[in-house]
Amino acid sequence: MTSITLLELYKIQLVKANEIKSSFFNNLKYIPSLRGNIYLKTKNKELIPVAISYYAYDLYYNPQKAKNKEDEIKKIAELLNEKPEELLKKINGEKSVILSKNLEEKLKNKIAQLRFDSVFFEEKVIRSYPFKNLLSSIIGFAIYDEENKTTKGLYGLEKYYDEYLRGENGFVTTYGSFKPPTKGADIVLNIDYYIALKFDSILEEALANFKAKGGLIIAMEADSGNIIGIAEKPDYDLNNYSKVNDYSIYLSRLSYPYEPGSVMKPFFYAGAFEEKILSPTSTYIDKGYVILNNKIIYNFDKKGRGETDLKTALVHSLNTGSVYVSQELGKTRFLKYIDKFRFNKRPEVDFPILVDNNLKTLYPPFGREVNFGTASFGQGISISPLSLLNAYQALFSNKITTINFASEIILDDGKKYENTSKTLVENIISPETSREIKEILEEVVENQAKKAQIKGYRIGGKTGSAQIPEKDGYSNDVITTFIGVFPLTNPKFIVLVRLDKPEPGLLAFGTAAPTFKKVAEFLINYYNIEPDKL
């Protein structure tokens, strides 16, 4: 009698278990799950699909099982609306070949009814985008993963919500086991379909008028942080993403920071007012320039205005005024307000953030006087558009919330989960400081960014025109930004307009500000917002 150790017995059981497992998977056929849909909505709560999935079928032909190859191919070609000779060219030898890809179910069933032993199909899931380029960098795209037999989100919201959208594959085995696939969850966005269309049109027109290379428009509810509209260009056809040559077009401007320029100024003024170091009526001597660490910093027009109060300095976006404020505030308190407005934190948003805000020039081994000076007017630091939205929310609503693209998630079984807004921090500044900043930013629109004005409505906002950093300094190209909030009596919307590399000589008050006006006028009409200015 042969003796066997417990270890040997365990090894035999392990081998047998692996053999059984291998046999099971070799006799298993996956049934791919449908990916969940992505919807926009309207103010009337209609749902508009912008990303959908459906089953499609690749048609295979095995000549070894054909009874009459020429006759079979002729009948198949008729259903495919192709020439028989073209299909015959695909058949090389006795190996199975693909005759056609991505057949719809109706056509697949017609071919199956021919009952040819030589014909078989492979089921797959197709992801389709009905509006092609609309919101391309925001929606992103998903591809069919042949290895895992499922769709996989690669960019944008398709990537962020991939685990919800992808669902779970089913299977069938030759042993009779069967598990049906589970469809992925549907995602309903806060983005309004009609607003998205209008923003897209406004941005297209702005790029043409100002000869800009690209841009972004985004509108957020001031109270909730919900994103109701967005447009970004250049864009691409989501159904033909593989034809794109410059892959950077896949990445949204929301995913990484930029040097935003003077839209940063109000936060440090607010800090100085809050600390009672300065007030809107405090004055300084504006020479048109200031020297920090042997570096000369100029006003945008290089003009000096003599004794100037801080309200005027902010209204007319004088760099010398911002540098003066930063010096009076001091490095420690400057960083305190970097923290209070959450510039040193990643925005809490349901969207892929690939690169954090870059504030390294404010800390050792940097952190020189000139670094704080340039940071005070938004150069030498990089801030994401979403961080800017949150920070202006703090100025005008005195709180910072989550930023929300999705409204709700609907599971395959019908259960719904709301993506509710959460307040992250509030009472960032005192009501008095908030009032002072609002008044100054309203005067910006009245006296500097006049092209953002809308009759009958109080609007607060700030322009920013920042040179674009390069390896060896800054280029002459600029990014222009305008961030506006309206109506000021009861702020409803915060809108950021960004235009990249407009025609030389053009600044934000002549590019981003008038573009904002078109956006705000549309939102006012769309939501029937009552005037708040006599």
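Refer to the structure printed above.
Now for a description of the structure that goes with this document. Keep in mind that this is a model prediction, so the values were computed, not measured.

Reading the values: rules and limits
- Per chain, residues are indexed from 1 in the order of the written sequence.
- With the structure being a predicted model, the display of local features is reserved for residues of pLDDT at least 70 and the display and counting of side-chain atom pairs for 80 or more, all residues being used for whole-chain, interface and lining totals.
- With hydrogens and water set aside, each side-chain value is computed from the structure's full complement of heavy atoms.
- A pair of strands is labelled paired if DSSP reports no fewer than 2 bridges between them.
- Where helices and strands are cited, they refer to DSSP runs of H or I of at least four residues and of E of at least two residues respectively, numbered from the N terminus.
- Note on definitions: salt bridges are taken to be side-chain nitrogens of Lys or Arg within 4 Å of carboxyl oxygens of Asp or Glu.
- Only protein chains enter the area calculation, which uses a 1.4 Å probe; residues under 20% of their type maximum are buried, those over 50% are exposed, and those in between are partly exposed.
- A helix is expected to reach a length of 1.5 Å times the quantity of its residues less one.
- Distance and chemistry together define a polar contact, namely a pair of N or O atoms within 3.5 Å, with one atom able to donate a hydrogen and the other to accept it when in protein, and with adjacent residues in sequence counting only for side-chain atoms on both sides.
- Site definitions follow a grid-based scheme: protein atoms alone, a 1 Å grid, a 1.4 Å probe that fits but cannot get out for cavities, and for pockets an open set with protein on both sides within 12 Å along at least five of seven lines, plus lining residues having an atom within 4 Å of a point.
- Grid points are joined across faces, edges and corners, and a volume is the space filled by probe spheres set on the points.
- Three categories are distinguished: nonpolar for Ala, Val, Leu, Ile, Met, Phe, Trp, Tyr, Cys and Pro, charged for Asp, Glu, Lys and Arg, and polar for the others, with Gly belonging to the last.
- For this analysis, a ring pair means two rings from Phe, Tyr or Trp (six-membered ring only for Trp) whose centres lie within 6.5 Å, classed as stacked if their planes differ by under 30 degrees, edge-to-face if by over 60, and tilted for the remaining angles.
- Residue contacts are counted whenever heavy atoms from the two residues lie within 4.5 Å of one another.
- To get an axis, fit a line to the C-alpha atoms, keeping to the stretch in contact for a helix; angles then go from 0 to 180 degrees between the N-to-C directions.

## Describing the sheet that holds strand E8 (residues 170-173)
What links the strands of a sheet is backbone hydrogen bonding, and the strands pair in either a parallel or an antiparallel sense. The sheet built from 3 strands is open, its strands ordered E1-E8-E9 with antiparallel pairing. Strand pairing shows two members of the sheet lacking a second neighbour, strand E1 (28-31) and strand E9 (178-179), which therefore form its edges. Two strands pair when backbone bridges link them, and E1 and E8 are joined in this way by 4 bridges, in the antiparallel orientation. When the bridges of E8 are listed, Ile-31 appears paired with Gly-170.

## A word on the pattern of salt bridges
Throughout the structure, instances matching the rule amount to 28 salt bridges. Here Lys-518 makes a salt bridge to Glu-205, at a shortest N to O gap of 3.2 Å. Here Glu-205 lies in helix H8 (residues 193-210) and Lys-518 lies in helix H16 (residues 512-526), a separation of 313 residues in the sequence. In this structure Lys-518 comes out as partly exposed when scored by relative accessible area, which is 34%. The exposure class assigned to Glu-205 is partly exposed, which follows from its relative accessible area of 38%. The closest approach of N and O atoms between Arg-346 and Asp-356, which form a salt bridge, is 2.6 Å. Linking Arg-346 in the loop between helix H12 (331-340) and helix H13 (369-375) with Asp-356 in the loop between H12 and H13, this pair joins segments that are 10 residues apart in sequence. We classify Arg-346 as partly exposed; its relative accessible area is 41%.

## With respect to H8
Compared with the 26 Å implied by 1.5 Å per residue over 18 residues, the 26 Å span of H8 between its first and last C-alpha is a close match. Those residues of H8 that sit buried are Tyr-193, Ile-195, Ala-196, Phe-199, Ile-202, Leu-203, Ala-206, Leu-207 and Phe-210. Here H8 starts with a cap whose side-chain oxygen sits 2.8 Å from the backbone nitrogen of Tyr-194, and that cap is Asp-192. One or two residues past the end of H8 sits Lys-211, with phi positive at roughly 55°.

## Thoughts on empty space enclosed by the protein
For the structure on display, the rule yields 3 cavities of 30 Å³ or more. Each pocket or cavity is described by its volume, and for the largest cavity that value is around 60 Å³. In terms of lining residues, the largest cavity is bounded by Asn-133, Leu-134, Leu-135, Ser-136, Ser-137, Ile-138, Ala-196, Asp-200, Ile-230, Ala-231, Glu-232 and Asp-235. Breaking the lining of the largest cavity down by element, the ones donating at least two residues are helix H5 (136-139), H8 and strand E12 (227-233). In this structure, the second largest cavity encloses a volume near 50 Å³. Forming the boundary of the second largest cavity are Phe-341, Arg-342, Lys-345, Arg-346, Pro-347, Ser-387 and Asn-390. Considering only residue class, the lining of the second largest cavity consists of 2 nonpolar, 2 polar and 3 charged.

## What to know about the packing of aromatic side chains
Pairs of aromatic rings are described using the distance from one ring centre to the other and the angle between the two planes. This model, assessed by the stated rule, comprises 29 aromatic pairs. For the ring pair Phe-267 and Phe-343, a centre distance of 5.1 Å and an interplane angle of 70° mean the geometry is edge-to-face. Taken as a pair, Phe-267 in helix H9 (residues 265-274) and Phe-343 in the loop between H12 and H13 lie far apart in primary sequence, 76 residues in all. As far as burial versus exposure is concerned, Phe-267 and Phe-343 are alike and both buried. Relative to Tyr-527, the ring of Tyr-526 has its centre 5.0 Å away and its plane inclined at 80°; by these criteria the two rings are edge-to-face. Through pairs of rings, three or more aromatic residues link up here, namely Phe-482, Phe-486, Phe-493, Phe-516, Phe-522, Tyr-526 and Tyr-527.

## Structural notes on helix H15 (residues 431-447)
Spanning 17 residues, H15 covers 24 Å between terminal C-alpha atoms, matching the ideal 24 Å at 1.5 Å per step. Turning to H15, its buried residues number three or more, namely Thr-433, Ser-434, Glu-436, Ile-437, Ile-440, Leu-441, Glu-442, Val-444 and Val-445. Contacts from the buried residues of H15 go to H9, helix H10 (310-315), helix H14 (385-397), strand E21 (460-470) and strand E22 (473-486).

## Observations concerning the sheet that holds E21
Read from one edge to the other, the open sheet built from 5 strands follows the order E12-E11-E23-E22-E21, with strand pairing classed as antiparallel. On the outer flanks of this sheet lie E12 and E21, each paired with one strand and no other. Strand-to-strand, the axes of this sheet are offset by a mean angle of 10°, without reference to chain direction. As paired strands, E22 and strand E23 (residues 493-500) are joined by 8 bridges and run antiparallel to one another. Bridge pairing in E23 links Phe-482 to Val-497. Taken strand by strand, H8 contacts strand E11 (214-221), E12 and E23, and its axis lies near 35° from that of E12. The sheet strands contacting H14 are E11, E12, E21, E22 and E23, and the helix crosses E23 at an angle near 145°.

These results come straight from atomic positions and should not be treated as a statement about function.
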